[in-house]
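Remarks on the overall topology
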2 protein chains.
Amino acid sequence: MPINKIVLIGAGRVATQIGKVFQKHGKNISQIYSRTPESAKDLAVMLGALPINDLTKIDHNADLYIISVSDDSIAGIATHLYLPGKIVVHTSGSVDMTAIQSISEKCGVFYPLNIFSKSHETDFSTTPVCIEAQDKETEDELTELARTISGDVRLISSQQRAVIHLAAVFACNFTNFMMVNADDILQRAGIDFDILLPLITETIAKLRGTSPALAQTGPALRNDFNVIRKHIEMLNHDPGKQLMYELISKQINDYFTTK
Amino acid sequence: MPINKIVLIGAGRVATQIGKVFQKHGKNISQIYSRTPESAKDLAVMLGALPINDLTKIDHNADLYIISVSDDSIAGIATHLYLPGKIVVHTSGSVDMTAIQSISEKCGVFYPLNIFSKSHETDFSTTPVCIEAQDKETEDELTELARTISGDVRLISSQQRAVIHLAAVFACNFTNFMMVNADDILQRAGIDFDILLPLITETIAKLRGTSPALAQTGPALRNDFNVIRKHIEMLNHDPGKQLMYELISKQINDYFTTK
């Protein structure tokens, strides 16, 4: 029997977008739990669900329980929930599936790999959804459910998921911080960040056809000491940026000299 | 009188794309110079120009001379060219305009800020073109010319251009290297890099509406020591990646703690 009635545990960014997309695809979001009554209420109103802020009031007759809270709070939730025979998943990139196995033998993971915000609607159709489950039947049910919202559903173990999460820190968080630095450097000279947008867009567009290693360019790759020295001097006012410039340049050079 | 007849000095990636876009907009590319006869010939055939590999054979009756060679070669070209009264520009992000002032008193810079390849056609209409010139008349002529190919023409001094180039190293070269690392990490676990593309696309899309600092997320920002420690352990096989992970995480944390 396909999954229809869903309880959401959590009312943050991921929970909000997951709730919205499942509702849009005809699922019944019956309850929203949050420690913060206001958060539960806001999302519940949006999804026509019942807000709760006490885990003992949880509906035991749903088809699926989605725990979408901060990584650190998952273990705490697990100690307060017992739903034998029910499918229970978390949505975290870095927490092992075993963290929720005390809740139900039919536990699993439903990890959508994208950026989420409360206000901006996520395009789930292109968002990879990583599925893991304790047993084959649960795996099949979760896969079928994921396919109703995404065209990219993958079976991914806890170990692989941790690797993906680490890679995403480089590709997303560290990349964004490179932009923070670029923005700082430009602002000091009174230049707007938007001058870099075409270049950045093209840098990322290239990744769809070329491996990142083949797309590498720049003074560090060329071993252009004159430019590197000049750039490090220009960062004299900011030792943190100097350290990063030096280390990343050295790593680029080592990487492509060794390969 | 608008610029019509152009001599290209250089036949690399930038020269190729500049030559193609000006030809498309009705300009006459009369000669292509390259040290390498084959390179000059390949581009000359494409643009209906005369290939030369001897600077003494340069046509003295063109309206504009574009020096588009590697940064290190600009000074050498300058010692072999003397074109008084002619508009002469280079296309480099990091070389001062004064590097070519011995060629002509009407010297300048025509720096298109994008990624260039010989084969992939650059969209110049959205590419910022940074203009600098020794005198107002030359500046006006270069600006008028740049506006025929780009909707984003800016007057940028040599000093500002150096800043933009440094910012571009962070936003483009270092960003690409973050992707190289992400790709490596995934490959070791047998996972294809394409799983990250929707996340990366969204990371970059956010920059059009939010400042990079407001868009920052991740374990380093949250000061999530458990995840950071686990990630550093996972990189035990690769001390270079460990160093980068540690330094960038520390910089993220310092940056957002101080602000």
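Worth saying up front: this structure is predicted, and the values here are computed from it rather than measured.

A look at the sheet that holds strand S6 (residues 107–112) of chain A
All names here are of chain A.
- With mixed pairing, the eight strands of this open sheet are ordered in space as S3-S2-S1-S4-S5-S6-S7-S8. Pairing within the sheet leaves two strands with one partner each, and these edge strands are strand S3 (50–52) and strand S8 (153–155). Within the sheet, the average angular offset between the axes of one strand and its neighbour, ignoring direction, is 25 degrees.
- In this structure, strand S1 (residues 5–9) lies alongside strand S4 (residues 64–67), joined through four bridges in parallel fashion. Each residue of the ladder has a partner; that of Val-7, found in S4, is Tyr-65.

What about the confidence of the model for chain A?
- Across chain A, the average pLDDT comes to 96, with 100% of residues at 70 or higher.
- Scored as a complex, the prediction yields pTM 0.92 and ipTM 0.92.

Overview of the pattern of salt bridges
- This structure, assessed with the given rule, holds 22 salt bridges over all chains.
- In this structure, Lys24(A) engages Glu121(A) in a salt bridge whose closest nitrogen and oxygen atoms are separated by 3.2 Å. A residue pair is termed long-range when its members are at least 10 positions apart, and Lys24(A) in helix H1 (residues 13–24) and Glu121(A) in the loop between S6 and strand S7 (129–133) qualify at 97 residues.
- Given a relative accessible area of 60%, Lys24(A) falls into the exposed group.
- Of the charged contacts in the structure, one is a salt bridge between Lys106(A) and Glu137(A), with a shortest N-O distance of 3.9 Å. Separated by 31 residues along the polypeptide, Lys106(A) in the loop between strand S5 (87–90) and S6 and Glu137(A) in helix H4 (residues 136–149) bring together distant segments of the chain.
- You can call Lys106(A) buried: its relative accessible area is 13%.
- What emerges from the salt-bridge pattern is a single network uniting Asp152(A), Arg154(A) and Asp194(B).

Let's talk about the packing of aromatic side chains
- The full count for this structure, using the stated rule, is 16 aromatic pairs over all chains.
- Judged by centre distance (5.9 Å) and plane angle (40 degrees), the ring pair of Phe116(A) and Phe124(A) falls under tilted.
- Judged by relative accessible area, Phe124(A) falls into the buried class, the value being 2%.
- Through pairs of rings, three or more aromatic residues link up here, namely Phe170(A), Phe174(A) and Tyr245(B).

Section: the nonpolar core
- Residues Leu196(A), Ile248(A), Leu196(B) and Ile248(B) are the most contacted members of the largest nonpolar core, which totals 124 residues.
- Within the second largest apolar cluster, 29 residues are counted, among which are Ile18(A), Phe22(A), Ile87(A) and Val89(A).

Thoughts on the interface of chain B and chain A
- Listed by partner, the interface residues are 83 residues for chain B and 83 residues for chain A.
- Roughly 8000 Å² of surface becomes buried between chain B and chain A when both sides are summed, with 72% attributable to carbon and sulfur atoms.
- A per-residue breakdown of the area chain B buries against chain A is headed by Phe170(B), Ile195(B) and Leu199(B), which together make up 8% of the total.
- The interface formed by chain B and chain A holds two salt bridges in total.
- For Asp194(B), the salt bridge goes to Arg154(A), with nearest N and O atoms at 3.2 Å.
- Taken together, the links from chain B to chain A amount to 22 residue pairs in polar contact (both at pLDDT 80 or more).

Observations regarding the pairing of strand S5 (residues 87–90) of chain B
Residues and elements named next belong to chain B.
- Across the two faces of S5 the burial is the same, with Ile-87 and Val-89 and Val-88 and His-90 all buried.
- Across four bridges, strand S4 (residues 64–67) lies against S5 in parallel orientation. Within S5, the position partnered with Tyr-65 by the bridge is Val-88.
- Traced from S4 through helix H3 (residues 74–80) to S5, the parallel crossover comes out right-handed.

What counts and what doesn't
Residues numbered from 1 in each chain as written. Chains lettered and ligands numbered in written order. Predicted model: local features only at pLDDT ≥ 70, side-chain atom pairs only at ≥ 80, totals over all residues. Heavy atoms only, no water. Pairing = 2+ DSSP bridges. Helix = DSSP H or I, 4+ residues; strand = E, 2+ residues; numbered from the N terminus. Axes fitted to C-alpha atoms, helices over the stretch in contact; angles between N-to-C directions. pLDDT = per-residue confidence, 0-100. Salt bridge = Lys/Arg side-chain N within 4 Å of Asp/Glu carboxyl O. Buried < 20%, exposed > 50% of the residue type's maximum accessible area, 1.4 Å probe, protein only. Phe/Tyr/Trp six-rings, centres within 6.5 Å; stacked < 30°, edge-to-face > 60°. Core = buried A, V, L, I, M, F, W, Y, C linked by side-chain atoms within 4.5 Å. Contact = heavy atoms within 4.5 Å. Buried area = accessible area lost by both parts, 1.4 Å probe. Polar contact = N/O pair within 3.5 Å; in protein donor to acceptor, adjacent residues only side chain to side chain. Right-handed = clockwise from strand over helix to strand, strands pointing away.

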